[in-house]
Amino acid sequence: MTHVIAGSMHAGLRMKAQSDPSDSELLQAMLAGDEAALATLYRRRQGGIYRFAVQMSGSPGFAEDVTQEVFMALMRDSSSYDPARGPLNWFLLGMARNLMRQRLGRERFYTSLSDEPGDGTGAMIDAASDPLTELARTETIAEVRRAVLSLPQRYREVVVLCELQELSYAEAATVLDCAVGTVRSRLHRARAMLLKKMRSARSEDKAAQTVKTARCFA
């Protein structure tokens with residue numbers, strides 16, 4: 001896939017100039033055999049898909065594989081995309097989600113965290129009304145990321161989409177192919193679970209530090 005994309009990027013130099021083609025227009029051009037359109041679409045959307053996959057899995061390598069598989073699947077069969085249901089970007093995120101569920105299986109997940117800059121996992125919750133805001137301020141990014149990764153997949157999905165990817169409830173519902181009410185209820189439950197996990201981890205850290213200090217003075 002990497003070679004295909006690289007070759008398409010070179011072909012992009014020969015693509016007829018177009019001000020700002022939409023994703024749908026690029027998709028149609030790609031289906032007509034325009035490799036440059038594929039390259040443009042890949043450059044535009046691969047970053048968001050990769051960030052979603054790495055935030056869901058914690059594994060950059062796994063996220064890279066999923067991103068490549070999404071575009072391979074799109075090239076093989078794009079007939080399932082219905083523009084009436086939403087933008088192509090949501091469809092691609094849905095494909096990434098389904099691929100990950102197939103590969104990860106029964107609520108299993110990767111916990112190998114990457115500290116490399118630019119992997120997209122450092123963008124934390126910004127909304128002042130969100131109960132995670134204070135935790136994000138007081139705890140390290142790695143701890144919050146670890147707590148998110150520990151959630152069951154159905155709850156991790158809504159946190160990544162709504163909090164990290166900043167999709168609306170309606171947009172997340174389209175990606176997950178479920179009702180808006182389901183997204184709301186899962187996100188509410190996920191936030192409560194995260195708060196509990198973070199507070200529990202904080203208590204354990206304090207207890208461990210107390211034991212360590214006591215040993216120093218023993």
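How each quantity is defined
Residues numbered from 1 in each chain as written. Predicted model: local features only at pLDDT ≥ 70, side-chain atom pairs only at ≥ 80, totals over all residues. Heavy atoms only, no water. Core = buried A, V, L, I, M, F, W, Y, C linked by side-chain atoms within 4.5 Å. Buried < 20%, exposed > 50% of the residue type's maximum accessible area, 1.4 Å probe, protein only. Helix = DSSP H or I, 4+ residues; strand = E, 2+ residues; numbered from the N terminus. Contact = heavy atoms within 4.5 Å. Polar contact = N/O pair within 3.5 Å; in protein donor to acceptor, adjacent residues only side chain to side chain. Salt bridge = Lys/Arg side-chain N within 4 Å of Asp/Glu carboxyl O.

Novice: Residue-level account of the nonpolar core, with values.
Specialist: Of all hydrophobic cores here, the largest spans 53 residues; its most connected members are Phe 52, Val 70, Phe 71, Leu 74, Leu 92, Met 100 and Leu 161. Listed by contribution, the elements that provide at least two residues to this core are α2 (23-31), α3 (35-57), α4 (60-76), α5 (88-104), α7 (141-149), α8 (153-164), α9 (169-176) and α10 (180-216). The contacts of Leu 161, once residues within four sequence positions are left out, are Phe 52, Leu 93, Glu 166, Leu 167, Ala 172, Val 175 and Leu 176.

Novice: Which residues make up the side chain of Ser 57, and what values go with them?
Specialist: Turning to its location among the elements, Ser 57 is positioned in helix α3. On the accessibility criterion, Ser 57 (0% relative accessible area) is buried. A distance of 2.8 Å separates a polar side-chain atom of Ser 57 from the backbone oxygen of Ala 53.

Novice: Describe the pattern of salt bridges, naming the residues involved and giving the relevant values.
Specialist: Taken as a whole and judged by the stated rule, the model has 7 salt bridges. Across the pair Asp 20 and Arg 44 runs a salt bridge whose closest N-O atoms are separated by 3.5 Å. Highlighted residues: Asp 20 in the loop between α1 (2-11) and α2 and Arg 44 in helix α3, separated in sequence by 24 residues. Given a relative accessible area of 61%, Asp 20 falls into the exposed group. You can call Arg 44 partly exposed: its relative accessible area is 30%. With its nearest N and O atoms 2.9 Å apart, the salt bridge here joins Arg 97 to Glu 157. Here Arg 97, found in helix α5, pairs with Glu 157, found in helix α8; they are 60 residues apart in sequence, far enough to count as distant. No difference in accessibility class separates Arg 97 from Glu 157, as the two residues are buried. Through salt bridges with shared partners, a single network forms among Asp 20, Asp 23, Arg 44 and Arg 45.

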